[in-house]
Amino acid sequence: MKLYTWLISLMLNMDTPPSSLSNEYNLERTFANKSGVLNKDPLVVILSLLRDDIDEVGFEAVVRYLTTLYLEEPLVQPVYIALIELFIALIWAPYLEPTKELILKRQSVLVLLQELLLNEMFKQNFDILDIVLEPCAVDLGDGLQAFQTAVLLQTLQRIQTGAPDGIPTKNFNKAAIFFCKYTLQKLWQGKLTTSMSILNSFSKLREWISKEAEGQVSYCLHRSILYFMARSSDTVDQQKSLLKVVHFVSENHRLIFGSGMSDHEFVICLSHLLRSAQTEGEWGKMLEESSSSLLKCIKEVRPDLEIYIEPGSQIPLNSVNKSAKSGITSLFSGGEDTSYVLQHEIAPKLFSQIKHDQEEGDRTLHHQRSSRRFTGLLTARRQEQQLTLSVVTALNTPYEINYAHTTNTMVQVSDSLRESVHSTQLQFHRVNRLWGEMQLELTQERGLWGPTDPSHLDRWELDPIEGPHRTRKRLKLNTTFYTVFQPKSHEEYQVSKLKQPSSSFSREYHHYYGTRDRVSSLTSIGGATKMSQAISARALDADNRLMQDLLLPGEHKIMAFPCIRVEGLTTIASLLYLGRLSAYIIDGYTTTKEGEIMDVQMLMPEEWSERFRDILVESASVVMKDKVGYNLCYKRITEIMKRRYSLQENGMEIFCYGGESYFLVFGANHRNKAYHKLRYLTPSLTQKSDFASEVLSSARRHTRGDASTVFTSFRQSNVTHRWSVGEISNFQYLMYINTLAGRSYKDLMQYPVFPWVLADYKSEELDLTNPATFRDLSKPMGAQTGERLAQFEKRYADWIDPHGTDTNPCHYGTFYSSAMITSSYLIRLEPFTSSFIALQGGHFDLADRLFHSIEDAWSSASMVNMCDVRELIPEFFYLPDFLVNKDKFDFGRKQNGKKIDNVILPKWAKGDPAEFIRLHREALESDYVSKNLHLWIDLIFGYKQRGEQARLAHNTFHCYFYEGNIDLASLTDPLRKSAVRGFINNFGQAPKQIFNRPHQQRQVVYSDLVRRTFHYNVVNLRPPVREERVISSAVQQIEGTDNGGTLFAGKNKVLVPSSSGYNYYFTWGLPDNSLLLGAVDGKIVHVYEELEKQRVVCAICPDSETLAVGGEHSYISVYTHSLSRTKDPTLTLQKKLLGHTNMLCGMSSSHNHRVFASGSHDRTVILWDLNKLTFIRQLPVHPESITTLDMNEVSGDVVTAAKNYLFLWSINGDLIARTALPATTVIQVCTQTTINEWDNNNVIVSGSSDGIIRIWGVLFQNTNNTEGEKWEKRLIVRARLTMHTSFLRPDNRQPAEITCVRFSEDHVSLYVGDSRGRVFCWTPNDSTGKQADHWVLDSGTKECASCGVRFTFVERRHHCRDCGKVFCNTCSDFYRTVPQRNISHKVRVCKVCFKSLPDSDN
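Asker: Give a description of the packing of helix α11 (residues 211-229) against helix α12 (residues 236-251) that names residues and reports values.
Answerer: Two elements in contact, α11 and α12, have axes whose closest approach is 9 Å; the angle formed by their N-to-C orientations is 150°. Here α12 runs roughly antiparallel to α11, going by the angle between their axes. Every pair of crossing elements has a handedness; the one defined by α11 and α12 is left-handed. Across from L221, I225, F228 and M229 in α11, the residues of α12 making contact are L242, V245, V246, F248 and V249.

The following block contains the structure:
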């Protein structure tokens, strides 16, 4: 404060500080009035004003005062350094014009800096030199050299005057010697201008300095002379400069070469340099004469130095080797006679060594820097500077010296270089990654600087996040598409007969945008040069320090395991890091043999080979990816399963709560240790036994009895039993078995395998009741036709192993699942396009061999091709995107001229990939497949997989496909081992054998399971007689409980899900914008005040830990909440999501797909990633403001409503169907059935402002037009529910707007909430013809609708089953079937309806 006060006083030309500056508040106000800037550091702004706001007199006064102040009261270190650097930056800025005023200011600052330098050096704080001469925060550009020269000369001239009063001679001598050596070092490093003032200063200092320091100063003078003499002499100006140096030495030769001078190295090098100077021209001749005269003078003064001057003289080596600096002995070690050496031989080598040592720097200077005040500030800069000097010296040494010495030096330099580049590279990757994330968020669609609308050039790839039943439906933006798929020139197409990878989008993209500049990473030198045997501790420290950025704060290591992370065909060097707080998978790091963590790029390739020699094929390469960390919170790990890789038990797959999974491969028996340690640290698995081992052993234990009773003794929760009784679908069960058998999405060589289920790909309509429609599930693909089976049987009988090994005969030489099969199926979808190209050697296959038709693929695998017995993959039953060439890849043309584009679908799919997937999935879940699926399971996972039963079932493959048939570790022949590995990885691997007895048949078929569900009975629903419950406000949310009950939330409330049900809720809409947490029993738990700066209008809880709120300011705040009975609840902001431009209207989430959607008054709907809290995509702009939206938990489909418009979208933004209601109607809520996504009877239920609940179905209609037949999906109303709520029914006494609709968990009941707080429940009738919605309410009818007779206790009311009106007994005593209401038996109708309905008896 004292410093600030006096500086301001001086600036304002005050002699003494006013009283108004006596406290900080007044100081800031005065300062603000002067600078016009509030809340800034006064010192910083004052220094910035020194250059302009104060005249020369005022400036000098400030400088003098600062000098006095510093000497009397030294500033604290940060302020001191900031002061120095700001002074330098402001006065020596390279852009300033050298005016008279500026020169005066600079001179004043030089005086200040000189005082500061000397004061600190006399205290032995030598770091001050680096702080002043190389300020970290200042970039002086070309002016740095002039600045350093000016400061050093000014200080050197001050030292010449002797020690100030009070400074001990010892301290002064040390400071003078250090400063001279420091100046000498700067001179040789080229940091100073070539001013001979340095020679004069050294010479004068030597004259009077004490005897103890004279030798060191002489040394600096000699080396300075050599520096100036070593400069080039090619031009006249250069010769003139050298001549000045020669004259200086000549004038002072008696002082320099006095009797006490014993620096023989200096004499040798000086004579060598004098003779080496160019002597052409007039000035050259003068230089030659002066040089000769100088050498003569030296001989006269010191005759004993003649042997060191004459070129042919023999120099005794022991007389030269007095200076430990030169290391002259090592230059000539190894010779026959090292006692003498010729002068002309030693001179150039000796000067080269001296030059190297001087440019490298005096090591003693580093040790003398003992400043306690500035410890640690300059270490990093000094290391980088030393490294640069070492590298320059190594690269520019002009002479060959001793090889052993050179090799050792170069190894050290190489190590330092690699460490420095490595550390810089890691920092670069980290900053580049963070900047890339920020840049993408700012410039992406709907970002702050991004486009408002999506571009058709945006390309997408499959997101590895798994949704319900391990399906992967989500697509994510492919940011590397145009980097991978560059447009090809005509010449490139002509080089190969095979199709080169190309996309029409690539050509369009590069036509409009060209090649965009992208930040490229530094060149990796990992593995290119070998480090010294001991890995540098500095490098390890840098690795650990940078890796901490990828860990949680306060994390501590428990164990770390080097591993390989498998991602498709890519193997990524990684580290499994087990910490106390969480587990991490960190790409790009590994451990040393001592357990230290290090960058994998610093590890030698042979060390990788040693660790993973039994894992990787010979051609495989470990990818050194950017340093990316994956946080696997222990409580979010749901399962850990042991895995095989290349048929070896060395892998592990980790499944996480958010749908992520990680496939890790370990070496050197680390797998089991890592598996058990991670399982021990995972709370949900600590008390749980090995999932795979438990189920597998249980299955085998219960398959020893008769085939008809297989698994019958399993506990009720067993998966097989649940499948058998219909609790889970065929698809779910197959995914479960695949997972149990080691099949993984992460490893293309072990991709999940699914059966061909259909054999009919020609019919116009698919008949799932005809057994001929289906494939024979009891036989493998090679045995589907008798003709092809006969050829395979002959092959078995005539078996000769094509590889020349002694193996058992087999029916098939290829396999039903492999990396190539998977990639070929998914070739139209990234990243599998790249995988296929990699497997094909960088190009597409011939067009005729590509997967292009479902029918042709079936024909090839079942009848035609003897090398094709492939089965299917899971995507055939849930993912329509892989059937469409959305990226417009050019696959070429077949031999018949047809272009390969989208996959050709069967006729019954009506040209719609989504319809093909739906029908294909429906076929998988059909009654026929349900009754026969166990037979296929026996072939692939069961007792017919291998052995005699496999032979009898014509189901034998090459022995290398099976686990346990060959031990790679035991193979000693490297060629055979490589061949076996290649065979395994290219042709596939058999799943683990799960069952060794016949699998049981399914007991329940699908048709029996859905008979009572809501969407199968929409025209036969029983209306509620009265409301289920009434609450105090409009119903906003309805949820079922575990005990079969139902919870209802009112306006501005959202229930919080948890593993134990719904126990809490959040409330918003309070006057102070706070959020309230309450318990469902009515207790207020916590109030979060001042949490949101906007008025909250909607909120959702996607899971038990997340709360998302949206408000009037168009952004979404996502919080993580923690609810505990023992601790106070917390609500932590994770991120604010920006994308909308107007107030939010509503949100909905799919917890299973980890996506949530938000709608706004700006007419947009945005899909967000729930795991990363990032933008995924926006749906096309709607015609009106969004009023409601709903996401399907199973299919991921999104229903949106924009006032009277209703839309159905896929999770990837494809419009499925749309419709519109009258303009006066506003759709306010909607929901979807989620029980079976393949069922064509699924419905959408909407509630609107007119009080009507509409039940919508999706109808596939043929719309014939001028272009021909075209099929499209439309939303049609299957039923309307109007009782109690509709404003259009006069018999409803209290109509109300619909505010909530929700299905029960079993999809039998539909709950409806309205604006009056009432909740109604609709359920299917037991049989047709009973009470229905269109019936007029009894309570509102007093007389017959036909004859007018009043109803009494005797005259009962009767409803016509067709029109729904109320009649007396006489007027309704007619009977007809009512086909339009699905009533097939005769029921009571009125006379009018009786006449209009057809007579079923005729």
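Asker: Go over the packing of aromatic side chains, please, and point to the residues and values.
Answerer: By the definition in use, this model includes 50 aromatic pairs. Seen from their ring centres, W756 and Y761 are 6.2 Å apart, and the 85° between their planes marks the pair as edge-to-face. Judged by its relative accessible area of 1%, W756 falls in the buried class. Here the basic side chain of K910 rests over the ring of W1271, its NZ or CZ set 5.0 Å away from the ring centre. We note K1273 situated over the ring of F1260; from NZ or CZ to the ring centre the distance is 5.6 Å.

Asker: Please provide a residue-by-residue account of the pattern of salt bridges, values included.
Answerer: Note on pairing: side chains with opposite charge can pair once their charged atoms come close. Summed over all chains, the structure comprises 46 salt bridges. The closest approach of N and O atoms between E855 and K762, which form a salt bridge, is 2.4 Å. With E855 in helix α35 (residues 854-864) and K762 in the loop between α31 (730-740) and α32 (786-797), this pair connects stretches of sequence that are 93 residues apart. For E855, a relative accessible area of 27% puts it in the partly exposed group.

Asker: So what about the sheet that holds strand β31 (residues 1198-1202)? Which residues, and what values?
Answerer: Read from one edge to the other, the open sheet built from 4 strands follows the order β30-β31-β32-β33, with strand pairing classed as antiparallel. Two strands lie at the open edges of the sheet, namely β30 (1188-1191) and β33 (1215-1220), each paired on one side alone. Sheet twist, expressed as the average angle between the axes of neighbouring strands with direction ignored, equals 10°. Where β31 meets strand β32 (residues 1205-1209), 5 bridges bridge the pair, whose relative direction is antiparallel. Bridge pairing in β32 links A1201 to L1206.

Asker: Let's hear about the sheet that holds strand β5 (residues 557-567): which residues, and what values?
Answerer: Pairing within the open sheet is antiparallel, and its 7 strands lie in the order β10-β7-β6-β5-β13-β12-β11. The open sheet has two free edges, formed respectively by β10 (629-632) and β11 (637-645), since each of these has just one partner strand. The sheet shows a mean angle of 30° between the axes of neighbouring strands, direction not considered. With 5 bridges joining them, strand β12 (residues 648-656) and strand β13 (residues 661-665) adopt antiparallel strand pairing. Pairing of E653 across the sheet is with F663, part of β13. On the sheet, helix α27 (residues 670-681) packs against β5, β6 (570-579), β7 (583-587), β11 and β12 and is oriented at approximately 170° with respect to β11.

Asker: Lay out unusual backbone geometry with the relevant residues and their values.
Answerer: E830 connects to P831 through a cis peptide bond whose omega is 5°. Locating P831 in the fold gives a position in the loop between α33 (819-825) and α34 (832-839). Of note, the phi angle at R1154 is positive, near 55°, even though the residue is not glycine. Looking at the secondary structure, you find R1154 in the loop between β26 (1144-1150) and β27 (1155-1160). Not every positive phi belongs to a glycine, and L1173 is a case in point at roughly 55°. Look at L1173 and you get buried, because its relative accessible area is 11%.

Thresholds, definitions, all that
- Residues numbered from 1 in each chain as written.
- Predicted model: local features only at pLDDT ≥ 70, side-chain atom pairs only at ≥ 80, totals over all residues.
- Heavy atoms only, no water.
- Axes fitted to C-alpha atoms, helices over the stretch in contact; angles between N-to-C directions.
- Helix = DSSP H or I, 4+ residues; strand = E, 2+ residues; numbered from the N terminus.
- Parallel < 35°, antiparallel > 145°, perpendicular 65-115°, else oblique.
- Left-handed = near helix turned anticlockwise from the far one by under 90°.
- Contact = heavy atoms within 4.5 Å.
- Phe/Tyr/Trp six-rings, centres within 6.5 Å; stacked < 30°, edge-to-face > 60°.
- Buried < 20%, exposed > 50% of the residue type's maximum accessible area, 1.4 Å probe, protein only.
- Lys NZ or Arg CZ within 6 Å of the ring centre and 35° of its normal.
- Salt bridge = Lys/Arg side-chain N within 4 Å of Asp/Glu carboxyl O.
- Pairing = 2+ DSSP bridges.

It is worth stressing that arrangement in space is one thing and function is another; only the former is reported here.
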